[in-house]
Amino acid sequence: MTRSEARESAFILIFEKIFNPEYSLEDMRSLADDSDVININGFTEQLFSKADENLNSIDEEIKKYLKNWRIERLPKTALAILRLAFTEIMFFDEIPSGATVNEAVELAKKYAGEKDASFINGVLGNYLRNGKSE
């Protein structure tokens, strides 16, 4: 499984968690095993677990960089992609931020469309220019 595929699986888990906040990683793994829609590897688990453990701080960080949007009003696909990307940037220093942004934009194009891809690119760009401490 490539890192891109692992990210996509993590995105799907994070997206699913929005609708089922009570689910644990094991619950999510069971659903994934039953559906054959996604595969979960170690990197997928790390991304999902870190996002889940730090959801409040990640959302607070996202809120700072939304212009004329409230986090509650974001499309759920965009929210899940932003949570994944912020998780990578905030907690995985070994991953270049540019790669994270590119992967997030590609996920948005696949699952949400060009408009959301542009929005996500803008939010992440604003964060990297103005907020992320190196």
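Refer to the structure printed above.
Residues numbered from 1 in each chain as written. Predicted model: local features only at pLDDT ≥ 70, side-chain atom pairs only at ≥ 80, totals over all residues. Heavy atoms only, no water.

1. A short note on helix α4 (residues 55-64)
Considered for burial, the residues of α4 that qualify are Ile58, Asp59, Glu61 and Ile62. The arc that holds the buried residues of α4, viewed along the axis, is 160°, so those residues lie on one side. Opposite the packed face of α4, turned more than 90 degrees from it, sit the exposed residues Asn56 and Lys64. Elements that come into contact with the buried residues of α4 comprise α3 (42-53), α5 (76-91) and α7 (114-130). (Buried < 20%, exposed > 50% of the residue type's maximum accessible area, 1.4 Å probe, protein only. Helix = DSSP H or I, 4+ residues; strand = E, 2+ residues; numbered from the N terminus. Arc of directions from axis to C-beta. Contact = heavy atoms within 4.5 Å.)

2. Notes on empty space enclosed by the protein
Taken as a whole, this structure holds one cavity of 30 Å³ or more when the rule is applied. Here the largest cavity is characterised by a volume of approximately 40 Å³. If you go around the largest cavity, the residues you meet are Arg7, Ile81, Leu84, Ala85, Glu88, Thr100, Glu103, Ala104 and Leu107. For the lining of the largest cavity, the secondary-structure elements that each account for two or more residues are α5 and α6 (97-111). Residues that form the lining of the largest cavity fall into these classes: five nonpolar, one polar and three charged. (1 Å grid on protein atoms, 1.4 Å probe; cavity = no way out; pocket = protein on both sides within 12 Å on 5 of 7 lines; lining within 4 Å. Points joined across faces, edges and corners; volume = space filled by probe spheres on them. Nonpolar A, V, L, I, M, F, W, Y, C, P; charged D, E, K, R; others polar.)

3. Quick notes on the nonpolar core
The biggest cluster of nonpolar side chains holds 43 residues, and the ones touching the most others in it are Leu82, Phe86, Ile120 and Leu124. For this core, the elements supplying multiple residues, two or more each, are α1 (3-19), α2 (25-35), α3, α4, α5, α6 and α7. It is α5 that provides the largest number of residues to this core, a total of nine residues. (Core = buried A, V, L, I, M, F, W, Y, C linked by side-chain atoms within 4.5 Å.)

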